[in-house]
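These are the residues of each chain, in order.
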Amino acid sequence: MATVAAGSSRLLAAINQPVVNYRVALVADRLPLSLDPLVDATNPAVAAMSPLLYRSLLRLNDTGYPIPDLAAGMTISLDGLTYTLPLRSGLRWSDGHALTVNDALATIDWVQSRGFPDSTMANSWNRVDATVSAGSLVLTLSIPRASFPVTLSELPILPLGDLTSSAIARLASESTTALPTSGPYEVAGTTARAITLSANPYADPRPHMARVQVEPMGSFAAAAAAFAARSVDAVLVTTPAQ
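Below, the structure is looked at part by part. (Residues numbered from 1 in each chain as written. Predicted model: local features only at pLDDT ≥ 70, side-chain atom pairs only at ≥ 80, totals over all residues. Heavy atoms only, no water.)

## Quick notes on the sheet that holds strand 1 (residues 22-27)
Within a sheet, each strand pairs with its neighbour through backbone hydrogen bonds, oriented either parallel or antiparallel.
No. 1: In spatial order, the strands read 8-9-10-1-11; together these five strands make up an open sheet with mixed pairing. The sheet is open, and its two edges are formed by strand 8 (185-190) and strand 11 (234-236), each paired on a single side. For this sheet, the mean angle separating the axes of adjacent strands, direction not counted, is 30°.
No. 2: Pairing geometry for strand 1 and strand 11, over three bridges, is parallel. (Pairing = 2+ DSSP bridges. Helix = DSSP H or I, 4+ residues; strand = E, 2+ residues; numbered from the N terminus. Axes fitted to C-alpha atoms, helices over the stretch in contact; angles between N-to-C directions.)

## Points about the nonpolar core
No. 1: Counting residues in hydrophobic clusters, the biggest one holds 51 residues, and the most contacted among them are Leu57, Trp110, Trp125, Leu139 and Leu197.
No. 2: Apart from the residues lying within four places of it in its own chain, the contact partners of tryptophan 125 are Ile108, Val111, Gln112, Leu139, Phe148, Thr151, Leu152 and Leu155.
No. 3: If you look at the next biggest cluster of nonpolar residues, it comprises six residues, including Ala25, Met217, Ala223 and Ala226. (Core = buried A, V, L, I, M, F, W, Y, C linked by side-chain atoms within 4.5 Å. Buried < 20%, exposed > 50% of the residue type's maximum accessible area, 1.4 Å probe, protein only. Contact = heavy atoms within 4.5 Å.)

## What to know about the pattern of salt bridges
No. 1: A complete count under the given rule lists two salt bridges for this structure.
No. 2: The salt bridge partner of aspartate 69 is arginine 55, with a shortest N-O separation of 2.8 Å. Here arginine 55 lies in the loop between helix 2 (44-53) and strand 2 (58-60) and aspartate 69 lies in the loop between strand 3 (66-68) and strand 4 (75-76), a separation of 14 residues in the sequence. (Salt bridge = Lys/Arg side-chain N within 4 Å of Asp/Glu carboxyl O.)

## Concerning helix 2
Within an α-helix, residues lying three or four positions from one another point in the same direction, as the helix has 3.6 residues per turn.
No. 1: The complete set of buried residues in helix 2 reads Ala45, Val46, Met49, Ser50 and Leu53. In an axial view of helix 2, the angular spread of the buried residues amounts to 145°, which keeps them on one side of the axis.
No. 2: The N-capping residue of helix 2, defined by a side-chain oxygen 3.0 Å from the backbone nitrogen of alanine 45, is asparagine 43. (Arc of directions from axis to C-beta. Polar contact = N/O pair within 3.5 Å; in protein donor to acceptor, adjacent residues only side chain to side chain.)

## So, the packing of aromatic side chains
No. 1: Using the criterion set out here, one finds three aromatic pairs in the structure.
No. 2: Ring plane angle 65° and centroid distance 5.0 Å describe the contact between tyrosine 83 and phenylalanine 148, whose orientation is recorded as edge-to-face. Taken together, the positions of tyrosine 83 in strand 5 (residues 82-86) and phenylalanine 148 in helix 5 (residues 148-153) put the pair 65 residues apart, joining distant regions of the chain.
No. 3: Judged by centre distance (5.4 Å) and plane angle (70°), the rings of tryptophan 125 and phenylalanine 148 are edge-to-face. Placement of tryptophan 125 in the loop between helix 4 (119-124) and strand 6 (128-133) and of phenylalanine 148 in helix 5 is noted, with a sequence separation of 23 residues between them. The pair formed by tryptophan 125 and phenylalanine 148 is uniform in burial state, with each residue classed as buried.
No. 4: Joined through ring pairs, the aromatic side chains of Tyr83, Trp125 and Phe148 make up one cluster. (Phe/Tyr/Trp six-rings, centres within 6.5 Å; stacked < 30°, edge-to-face > 60°.)

Right under this line is the structure:
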């Protein structure tokens, strides 16, 4: 039987913590980093983090063609105005709560609301009527738009279905607070220097690495120096110039 002295309790706690498998320097010129992919979405660093944390109704495959992601499929009416998207069965957020069509509807409602912080994203959802019918999300456009499936792939769905209108109104000012996620990772913790991600227990497929530490850095030079010093395993650049 092992004996641990009282003074070793801190070491024991450290040993019992999950090991960080990978450390990544993320070049981010605006800090603190938003953990909400719909807030400060034009920030390349936020866009880089988004697919680690959230999924969309559709996603682009390797050839750039939209295919189902959270949606089980998509039906388009003959006039090109109505898109019907049933969600996959059994979807769950990282906290175990069911991911439902109401979350998708509430996400779209927020994007279309007057106080939404991203006018470019809001404009892409202008004149789109969103409803739920027979458990499916039904989106009706005022005019046909061939690019609309790409628009669907660019909208991360957030866990907003059970939130009150006042809670949704606060999202933009609380974007550094982590929400439950649907992507391969969830936010396990944040500090002034790092964002620790752990594998989402409900992700399908599960990510290869159980734990990743993302360290936002204000310049490429700082990130490159950290890589040269071997304090990080990789550098995630976010612009072509970098």
